[in-house]
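Each chain, letter by letter, is given below.
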Amino acid sequence: MTSTGFRRTFAALSVCSLALAASACGSSDDGSSGGKTRITVNCEPPKSAKVDRGFFEQDVAAFEKKHPDIDVVAHDAFPCQDPKTFDAKLAGGQMEDVFYTYFTDAGHVVDIHQAADLTPYVKELKSYATIQKQLRDIYTVDGKIYGVPRTGYSMGLIYNRKLFQRAGLDPDKPPTTWEEVRADAKKIAALGGGTVGYADYSAQNQGGWHFTAELYSQGGDVVSADGKKATIDTPEGHAVLQSLHDMRWSDNSMGSKQLLVINDVQQMMGSGKLGMYLSAPDNIPILVKEKGGDYKDLALAPMPGGKGTLIGGDGYMFNKHDTPAQIRAGLKWLDHMFLTPGKGFLGDYARAKKANAPVGLPEPRLFTGAADATDQQVKKANANVPVENYQAFLDGNQSLQMKIEPPDAQQIYSVLDGAVSAVLTKKDADIDQLLKDASGKIDGILARG
């Protein structure tokens with residue numbers, strides 16, 4: 001899954017709600033046009049997102065001025081990647097020369113032989129060595145490099161400081177264990193008036209996504225290290241479902257309305273009726289800009305449990321038909337657009353601030369070393385949100401294991417949705433049986449994969 005609303009500096013749209021090409025892309029030609037190297041790229045913001053679109057066009061124009069021998073043809077549509085058409089576009093030769101992918105796509109695109117090997121060229125990508133290794137590794141398969149990460153997120157706990165205060169809780173000391181989450185949720189729900197202490201997703205594969213994040217937080221895994229067997233029917237998996245069941249039925253701290261999806265929960269938080277839910281930092285601007293929330297009331301804590309958290313994000317891969325010239329041009333474009341600290345489409349914090357976009361959110365933290373220091377310095381200088389509300393998240397993440405989503409994630413999440421929704425809608429749900437049944441189904445998915 002992607003964390004809806006995730007943009008590095010711009011709140012108007014989700015990165016995963018930006019554009020995907022709607023027409024054939026010129027990857028079947030030699031990439032030359034009038035003596036220039038021509039590359040098609042996707043994920044340009046749609047015209048409806050006027051500010052983002054304007055920034056993107058400005059940056060492409062600046063790139064072409066700097067590199068007059070390169071012609072960039074950007075495609076937009078909604079969203080950046082549609083999972084229903086992604087494979088068909090790849091197989092049909094319709095994919096752009098430089099194309100957007102979720103982290104979970106990387107291995108699949110390589111497996112079906114649709115990605116160019118960037119290994120001989122990546123040394124020309126100036127920023128590559130500055131990117132976090134765990135993110136670079138996502139696009140590395142069998143020692144070869146097939147893509148470049150653009151953003152990354154990790155899950156944490158968004159909470160309402162105002163409700164914490166009203167419930168007699170210290171808003172500067174968010175819960176760090178699931179036992180503390182349960183206790184705090186119960187106190188918040190006791191405020192009455194339709195207030196919910198803790199909410200979670202349980203439909204449209206989003207319940208399975210959050211089950212995975214919660215399992216990681218307990219130190220568990222969804223599948224075995226070799227990717228062949230489910231590993232959810234474990235004490236850790238049982239603890240995830242038992243905790244949700246107890247908050248829902250014993251404590252009544254999750255409210256009576258269930259089968260929620262992200263928009264439902266965001267609406268609850270934005271309206272001031274929800275104490276806590278799991279999310280990445282990207283949700284905060286959505287809660288303010290679209291759901292009526294206030295930055296000063298919204299804070300972020302690390303994933304409860306203290307053992308791990310789910311990470312996700314996106315990047316770009318290159319069409320297998322790209323010429324060497326197109327690959328080199330595409331890498332230069334990525335450096336210019338996304339991978340120069342404090343500059344470009346995602347890093348020009350001064351420009352974002354002038355456009356009243358949020359600056360100062362704790363993620364993504366794409367770079368390391370001096371590049372990270374530069375990026376953070378420019379971000380801090382232009383911050384227009386209460387960065388102190390996110391310090392606990394930054395501090396707590398230092399000790400967590402960062403874990404990517406499982407293989408065949410969407411199919412697995414669909415299975416896990418059933419287990420999560422069952423414990424939230426049936427008081428007598430048999431957790432042991434739910435985990436056993438889900439394990440069998442996931443084993444079948446992995447066997448077919």
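Residues numbered from 1 in each chain as written. Predicted model: local features only at pLDDT ≥ 70, side-chain atom pairs only at ≥ 80, totals over all residues. Heavy atoms only, no water.

Visitor: Please explain the nonpolar core as it appears in this structure.
Guide: The tendency in soluble globular proteins is for nonpolar side chains to be buried as a group. Counting residues in hydrophobic clusters, the biggest one holds 74 residues, and the most contacted among them are Y198, F211, I232, M276 and I442. With 10 residues, the top contributor of residues to this core is helix α16 (residues 409-425). Formed by 53 residues, the second largest nonpolar core is a distinct cluster that contains F63, V110, F338 and F367. (Core = buried A, V, L, I, M, F, W, Y, C linked by side-chain atoms within 4.5 Å. Buried < 20%, exposed > 50% of the residue type's maximum accessible area, 1.4 Å probe, protein only. Helix = DSSP H or I, 4+ residues; strand = E, 2+ residues; numbered from the N terminus.)

Visitor: Got a minute to help me understand the state of the cysteines in this structure?
Guide: Any covalent bond linking the sulfur atoms of two cysteines counts as a disulfide. A full pass over the atoms with the stated rule returns 1 disulfide. With a sulfur-sulfur separation of 2.0 Å, C43 is cross-linked through a disulfide to C80. Classification of the bridge connecting C43 and C80 rests on its S-S torsion, roughly 60 degrees, and on that basis the disulfide is right-handed. With C43 in the loop between β2 (36-41) and α1 (50-66) and C80 in the loop between β3 (70-74) and α2 (83-91), this residue pair connects regions lying 37 residues apart in the sequence. Accessibility expressed as a relative area gives 0% for C43, which makes it buried. (Disulfide = S-S within 2.5 Å.)

Visitor: Help me understand unusual backbone geometry in this model?
Guide: Most peptide bonds are trans, and most residues other than glycine sit at a negative phi. The omega angle of the peptide bond from E363 to P364 is 5 degrees, so this bond is cis rather than trans. Examined against the element boundaries, P364 turns out to sit in the loop between α13 (349-354) and α14 (369-381). Within the chain, H113 stands out as a residue other than glycine whose phi angle is a positive 60 degrees. If you trace the backbone, H113 turns up in the loop between α3 (106-111) and α4 (133-136). Of note in the backbone geometry, N356 takes a positive phi value of approximately 65 degrees without being a glycine. Note on placement: N356 falls in the loop between α13 and α14. For N356, a relative accessible area of 53% gives the class exposed.

Visitor: What is the right way to read the packing of helix α8 (residues 235-250) against α16 from this model?
Guide: Packed helices, taken two at a time, are described by the angle their axes make and the gap between the axes. Axis separation between α8 and α16 bottoms out at 8 Å; the angle between their running directions is 30 degrees. Taken together, the axes of α8 and α16 lie roughly parallel to each other. α8 and α16 meet at a crossing whose hand is right-handed. Only A419, V420, V423, L424 and T425 of α16 make contact with α8, whose side of the interface consists of L241, L244, H245, R248 and W249. Of the residues belonging to the contact of α8 with α16, the class tally is 7 nonpolar, 2 polar and 1 charged. (Axes fitted to C-alpha atoms, helices over the stretch in contact; angles between N-to-C directions. Parallel < 35°, antiparallel > 145°, perpendicular 65-115°, else oblique. Left-handed = near helix turned anticlockwise from the far one by under 90°. Contact = heavy atoms within 4.5 Å. Nonpolar A, V, L, I, M, F, W, Y, C, P; charged D, E, K, R; others polar.)

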